[in-house]
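# Coordinates in review
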Amino acid sequence: MSFMTEKSADATAIRPLTGAIPQADLDDLRARVVATRFPEKETVDDLSQGPPLATMQALARYWADEYDWSKCEELIVTHGWPGSIVEQLKIIDPLTNPTAHGASASDAFHLVIPSMPGYGFSGKPTETGWGPEHIARAWAELMKGLGYDRYCAQGGDWGGQITDLMGAQAPPGLIGIHTNFPGAVRPDVAQAVQSGGPAPSGLNDEETRLYEKLKDFFATDVAYALEMGTHPQALYGIADSPVGLAAWMLDHDSTSLALIARVFDGQAEGLTRDDVLDNITLYWLTNTGVSSGRLYAENTVGFFDPKGVSVPAAVSVFPDELYQPPRSWAEEAYPNLIHFNQLDKGGHFAAWEQPELFVSEVRTGLRSLR
């Protein structure tokens, strides 16, 4: 793969990235997909053992025979894991050009959508230390370097972690945040979930249901994070096999996997087959399956825990996200809560799956800070 940045004596200077994916890399990808050695069919009729054989075979057929990477090659954006710079493509024009989408010119944003270290076209750290706190500080330096002295931060998944940490660090210029992955689980609930013990006393019905959902997630859906958080260098298979990488990425959480399985079964959803393969193909072509996973090994803060955010915060809660904190928890985690809304549609990849709802939430949530 051939990508270059302009040379500069200043290592921190902002420099354009130029280049293209060689056809040989795309030919190699297709050849590897065609040559995949699949395992036998799962022994259950549900998704409890991970991505079904039928889903992976349908994905491989489409990837090898119909998918066209060139349609995705011209734009770059931001994410969490297993997201990428592809995840936010659908929100760029509505947020930067609102009048073309039926909104007011006053709703327009400048967007800076960075790719995290070790992901996509960003450099891969060659030493330890690039955890979410470090990335949060780097993002503040990036905004300063780009000349922004007044800005908001937004994120989901790892982006939600980093956005919350920026809100806790409160760098000069950051006037507020918006998150669709709030860190708002009460400490007693988090401790009970981690230990696998009974629910804390005094929870109401909504909080009890949330505790059970988190407990189920940690019992069944978090193994990928444990592996990447302890032995990311053991995952040579996802650097060597495109379909192996795809299966690893699809198995992020049961709700997202079910949605993607329906997509490759021919059903219409918020994501398309091309959406899914744009994201996976970017990971493959940049060989970032393992380097992206190292962020889990660098992390020292609880994904769902409050981070001590002090700046104004807007929170959007999507129904198929990993968890849905009640407003009372959000008010405790974000003392300066300026917006809270529970949506009726959308999941973990909200900007990707439900861009219209996501754009509306960003506009509404941050409007008071303009």
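Just above sits the structure.
Let me sum up the structure you'll find in this document. (Residues numbered from 1 in each chain as written. Predicted model: local features only at pLDDT ≥ 70, side-chain atom pairs only at ≥ 80, totals over all residues. Heavy atoms only, no water.)

Before going further, it helps to spend a moment on the overall build of the protein. Along its length, the protein carries 16 helices and 6 strands. For the protein, the C-alpha radius of gyration of 20 Å lies close to 21 Å, the compact-globule estimate for 370 residues. Within the protein, residue pairs in contact and separated by at least 24 positions form 71% of the contacts whose partners lie at least 6 positions apart. Total accessible area computed for the protein in this model is approximately 17300 Å², and 51% of it derives from carbon and sulfur atoms. In the protein, 26 side chains carry a positive charge and 49 a negative one; their mean positions are 3 Å apart. (Helix = DSSP H or I, 4+ residues; strand = E, 2+ residues; numbered from the N terminus. Rg over C-alpha atoms; globule rule 2.2 N^0.38 Å. Contact = heavy atoms within 4.5 Å. Areas by Shrake-Rupley, 256 points an atom, 1.4 Å probe, with all protein chains shown as cover. Lys, Arg positive; Asp, Glu negative; His and termini not counted. Charge placed at Lys NZ, Arg CZ, Asp CG, Glu CD.)

Bridging between strand β5 (residues 313-317) and strand β6 (residues 337-342) involves 5 bridges; their strand directions are parallel. Looking at the pairing, Ala-314 lines up with His-339 of β6. One crossover worth recording links β5 to the parallel β6 by way of helix α14 (residues 327-333), and it is right-handed. (Pairing = 2+ DSSP bridges. Right-handed = clockwise from strand over helix to strand, strands pointing away.)

In the contact formed by helix α2 (residues 53-65) and helix α10 (residues 242-250), the axes pass within 11 Å of each other and the chain directions differ by 130 degrees. Looking at the two axes, α2 sits oblique to α10. Here α2 and α10 pass one another in a crossing that is right-handed. Listed contacts from α10 to Thr-55, Met-56, Leu-59, Ala-60 and Trp-63 of α2 are Pro-242, Val-243, Ala-246, Ala-247 and Leu-250. Taken together, the residues that form the contact of α2 with α10 break down as 9 nonpolar, 1 polar and no charged. (Axes fitted to C-alpha atoms, helices over the stretch in contact; angles between N-to-C directions. Parallel < 35°, antiparallel > 145°, perpendicular 65-115°, else oblique. Left-handed = near helix turned anticlockwise from the far one by under 90°. Nonpolar A, V, L, I, M, F, W, Y, C, P; charged D, E, K, R; others polar.)

This part covers the nonpolar core. As a rule of thumb, nonpolar side chains are buried together in soluble globular proteins. Counting 87 residues, the largest nonpolar core has Leu-59, Trp-63, Trp-81, Phe-264, Ile-280, Phe-304 and Tyr-334 as the members making the most contacts within it. Setting aside residues no more than four positions away along its own chain, Ile-280 makes contact with Leu-59, Trp-63, Leu-245, Ala-246, Met-249 and Leu-250. (Core = buried A, V, L, I, M, F, W, Y, C linked by side-chain atoms within 4.5 Å. Buried < 20%, exposed > 50% of the residue type's maximum accessible area, 1.4 Å probe, protein only.)

A separate point is the pattern of salt bridges. Scanning the entire structure with this criterion turns up 9 salt bridges. With a closest N to O distance of 3.7 Å, Glu-42 and Lys-41 form a salt bridge. Take Glu-42: its relative accessible area is 19%, and that puts it in the buried class. The partner of Asp-275 in a salt bridge is Lys-90, and the shortest N-O contact between them spans 2.9 Å. One end of the pair, Asp-275, is in helix α12 (residues 273-286); the other, Lys-90, is in helix α3 (residues 89-96), and 185 residues separate them in sequence. Here the salt bridges do not stand alone but share partners, grouping Asp-28, Arg-32 and Asp-240 into one network. (Salt bridge = Lys/Arg side-chain N within 4 Å of Asp/Glu carboxyl O.)

The next point concerns the packing of helix α1 (residues 23-34) against α12. Helix packing geometry: the angle between the two helix axes and the distance between the axes. Where α1 meets α12, the axes come as close as 11 Å, and the angle between the chain directions of the two elements is 110 degrees. It follows from the interaxial angle that α1 and α12 lie roughly perpendicular. Crossing of α1 over α12 shows right-handed handedness. Between α1, through Asp-25, Leu-26, Asp-28, Leu-29 and Arg-32, and α12, the contact on the second element is made entirely by Thr-281, Trp-284 and Leu-285. The class makeup of the residues in the contact of α1 with α12 is 4 nonpolar, 1 polar and 3 charged.

Further remarks concern the sheet that holds strand β3 (residues 151-155). By definition, the strands of a sheet pair up through backbone hydrogen bonds, in either a parallel or an antiparallel sense. With respect to topology, 4 strands assemble into an open sheet ordered β3-β4-β5-β6, the strand pairing being parallel. The sheet is open, and its two edges are formed by β3 and β6, each paired on a single side. Adjacent strand axes in the sheet meet at a mean angle of 10 degrees, parallel and antiparallel pairs treated alike. With respect to the sheet, helix α16 (residues 355-366) is in contact with β3, β4 (174-179), β5 and β6, its orientation differing from that of β6 by roughly 155 degrees.

For β4, the buried fraction is high: 5 of the 6 residues fall into the buried class. For β3 and β4, the ladder comprises 5 bridges, and the chain directions are parallel. Looking at the pairing, Tyr-151 lines up with Leu-174 of β4. Traced from β3 through helix α5 (residues 158-169) to β4, the parallel crossover comes out right-handed. Judged from the 3 bridges that link them, β4 and β5 form a sheet pairing that is parallel. Paired with His-178 across the two strands is Ala-314, which belongs to β5.

So, on to α1. If you check α1, its first and last C-alpha atoms are 17 Å apart, about what 12 residues at 1.5 Å a residue would give, namely 16 Å. For α1, every residue scored as buried is listed here: Leu-26, Leu-29 and Val-33. Viewed end-on, α1 has its buried residues packed into an arc of 55 degrees, placing them on one side of the element. In α1, those exposed residues whose orientation departs by more than 90 degrees from the buried face are Ala-24 and Val-34. For α1, the secondary structure elements touched by its buried residues are α2, α10 and α12. (Expected span 1.5 Å × (residues − 1). Arc of directions from axis to C-beta.)

Right, let's get into the environment of Gln-161. With respect to the helices, strands and loops of the structure, Gln-161 is situated in helix α5. By relative accessible area, Gln-161 is classed as buried at 1%. Sequence separation between Gln-161 and Ser-368 is 207 residues; the distance between their C-alpha atoms is 23 Å. Leaving out residues up to four positions away in the same chain, Gln-161 has contacts with Asn-299, Val-301, Gly-302, Phe-303 and Lys-307. Among the polar contacts made by the side chain of Gln-161, one reaches the side chain of Lys-307 at a distance of 2.8 Å. (Polar contact = N/O pair within 3.5 Å; in protein donor to acceptor, adjacent residues only side chain to side chain.)

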